[in-house]
Structures are given as structure tokens and as C-alpha cells.
Amino acid sequence: MLTIDPKEVSTAKLHGYLLGAVAPRPIAFASTIDKDGNPNLSPFSFFNVFGANPPIMIFSPARRVRDNTTKHTLENALETKEVVINMVNYDIVQQMSLSSTEYPEGVNEFDKAGFTMLKSDIVKPFRVAESPVQFECKVNDVIFTGQNGGAGNLVVCEVVKIHISDDVLDENGAIDQHKIDLVARAGGSYYSRARDGFFEIPKPISTLGIGVDAISADIRNSTVLTGNNLGMLGNIEQLPTDESVNNFAKEHPKFIGLETAKKHTFAQDFLKKNDVESAWKVLLIK
């Protein structure tokens, strides 16, 4: 058996063991705004519910292990004392993953990930319209567990309004666990789909995806491609070159001159195989 003294391994290695062992973890898809009203959206898997009277949730935007910096979500929570925690189901998991890309301050992750900003009833941060359940929260406290990289910052939130999609309710008005189809975070690039088990999404942390907002409107408004499909397409760092698209077209002439719906269907087939580059080439063929 491997035995570890936390003080004798690097924080990065310890972080990996903790995330791999304590899993799957629910995801707090946290929407905040800064003091100037700029929105921010980011997922956190150090998260759970801790009471019903009053209804309390806690999530932790931990200090970054690599450089000991803090995240915009923490800074906004401290400034405005408000947050919306949106739950993540399988239908939005690719877009959620894209939103975790560390875009510069001022970039709107709602736009980058292709989500709809929905005005909240009580708090100022926006809700994610595509999320099946949205919790409007007031921040009661922030508990700092340390000042070094990897230290947690426990944002204690009191739920002041809950919004639940009718699509995930059963005939008795309770949440149907099969309909809601939640996903959870595990170690590495792994996620767990509550009803179907593990799957992988490449981490976008080391890359800067072009974002859903950079995808042309005819693709964004597709009647075939799903939000998850758009999230995968938006997670590419750069589009294929004209030369590579032309070569692909010569090798696959059946994709030339297709009507839009058929072209999008073929692209979706490639996305199902996690072949994002080929999907883009199909979409870019004239």
C-alpha cells in the first residue's frame, strides 16, 4: 500500500491524489459579477450542500496550485456577497468545461461557452438558462484555510431562491434523477455521469479555446448540433487552415456541396468520436 505524508509530497501531487480519491464530486457552476457589474462564470468541484434550515451550500475556489493566485469568482464573492450556483447536467457538460478556460479578466464566459444569461430574481449575478436547477445565493461568510497555493477558500452561501426546470420533475413535482442526468467531477480529465458512469473531457486549462462566440452564426444556430457539440467546437485553439480543409475535401469528396443539415450531421458524427478537427473540416468545406 502506498502511504503518503502530506508534508512530504509536492502540493501538485497531493492535489492529484485528493481529486482522484475523493470522487465523484458535484459541480458548483458559479455565476458572479464584479463591483462594476461584469459577469463571470466558472465551475468548482469542491462543493456540496450542508443544511436545509437555513439552506446552506459551500464551494471552494481554491488558490491556484501553480502560482498561488486567486480566482475571479472568489474576488467577486468577496466584493458583492452574491452568487448563483447552477447545477450541471450532461446536456451542458462540454460547454461547462469550456467555461473553465482561464480567459483574461473582463471576458464573459457566458459568451465564450455559448450560455444564455438569465436575470435573477433577488441577486445580481445572472443564472445559466440552460442549467436544470439554479440557486440564487447570498454569501454569508468566506473561510480562508491558508495563504499558499492549493489552499481552500470556503464560500458559505445561503440559498434565497431556487429555480427548477419542469423538464426534470416527475409527476409528483420531485426531481427525477434520470431526467436531471447530473454529472460530477473525478480525477484527471474524468467526469461521472450519474446514470451512466465515467467519461473523459480534455482539460482546457492549458489551452485557450476560441469559444462558442467565435463560431459563425450558421453553425451556432444549427438545428442539428447540440450545446455539447458547440462546446467541443469552441474548445479548439485555432481553426484548421484552408490548405488542410482543401486536402480533407479532396480525400472526402462526399462532403463537398452538402446542404447545411447534412453537413452538420456528418460533423456531429465526428464529434461523437471526439474527432473535433475533422468535424471542423467538414463544417468549413465550401
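What comes next concerns the included structure. (Residues numbered from 1 in each chain as written. Predicted model: local features only at pLDDT ≥ 70, side-chain atom pairs only at ≥ 80, totals over all residues. Heavy atoms only, no water.)

Quick word on the pairing of strand β10 (residues 153–164)
Part 1 of the argument: Inspection of the sheet shows strand β5 (residues 55–59) paired to β10 by four bridges, in the antiparallel sense. Bridged to Ile-56 within β10 is Glu-158.
Part 2 of the argument: Judged from the 11 bridges that link them, strand β9 (residues 133–144) and β10 form a sheet pairing that is antiparallel. The partner of Gln-134 across the bridge, within β10, is His-163. (Pairing = 2+ DSSP bridges. Helix = DSSP H or I, 4+ residues; strand = E, 2+ residues; numbered from the N terminus.)

So, the environment of Gly-146
Part 1 of the argument: Mapped onto the elements of the fold, Gly-146 is located in the loop between β9 and β10.
Part 2 of the argument: When near neighbours in sequence (up to four residues on either side) are disregarded, Gly-146 contacts Arg-63, Ala-151 and Gly-152. (Contact = heavy atoms within 4.5 Å.)

A look at the packing of helix α9 (residues 260–272) against helix α10 (residues 276–284)
Part 1 of the argument: Relative orientation of the contacting elements α9 and α10 amounts to 170 degrees, with a least axis distance of 7 Å. Considered as vectors, α9 and α10 are oriented roughly antiparallel to each other. Contacts between α9 and α10 involve Lys-263, His-264, Phe-266, Ala-267, Phe-270 and Leu-271 on the former and, on the latter, Val-276, Ser-278, Ala-279, Val-282 and Leu-283.
Part 2 of the argument: Of the residues assigned to the contact of α9 with α10, the class counts are eight nonpolar, two polar and one charged. (Axes fitted to C-alpha atoms, helices over the stretch in contact; angles between N-to-C directions. Parallel < 35°, antiparallel > 145°, perpendicular 65-115°, else oblique. Nonpolar A, V, L, I, M, F, W, Y, C, P; charged D, E, K, R; others polar.)

Some words on α9
Part 1 of the argument: Given a rise of 1.5 Å per residue, 13 residues ought to cover 18 Å, and the 18 Å separating the end C-alpha atoms of α9 matches this to within 8%.
Part 2 of the argument: The set of residues buried in α9 consists of Lys-263, His-264, Ala-267, Gln-268, Phe-270 and Leu-271. Take α9 and look down its axis: the buried residues cluster within an arc of 155 degrees, on one side only.
Part 3 of the argument: Contacts from the buried residues of α9 go to α6 (217–220), α7 (227–234), α8 (242–251) and α10. (Expected span 1.5 Å × (residues − 1). Buried < 20%, exposed > 50% of the residue type's maximum accessible area, 1.4 Å probe, protein only. Arc of directions from axis to C-beta.)

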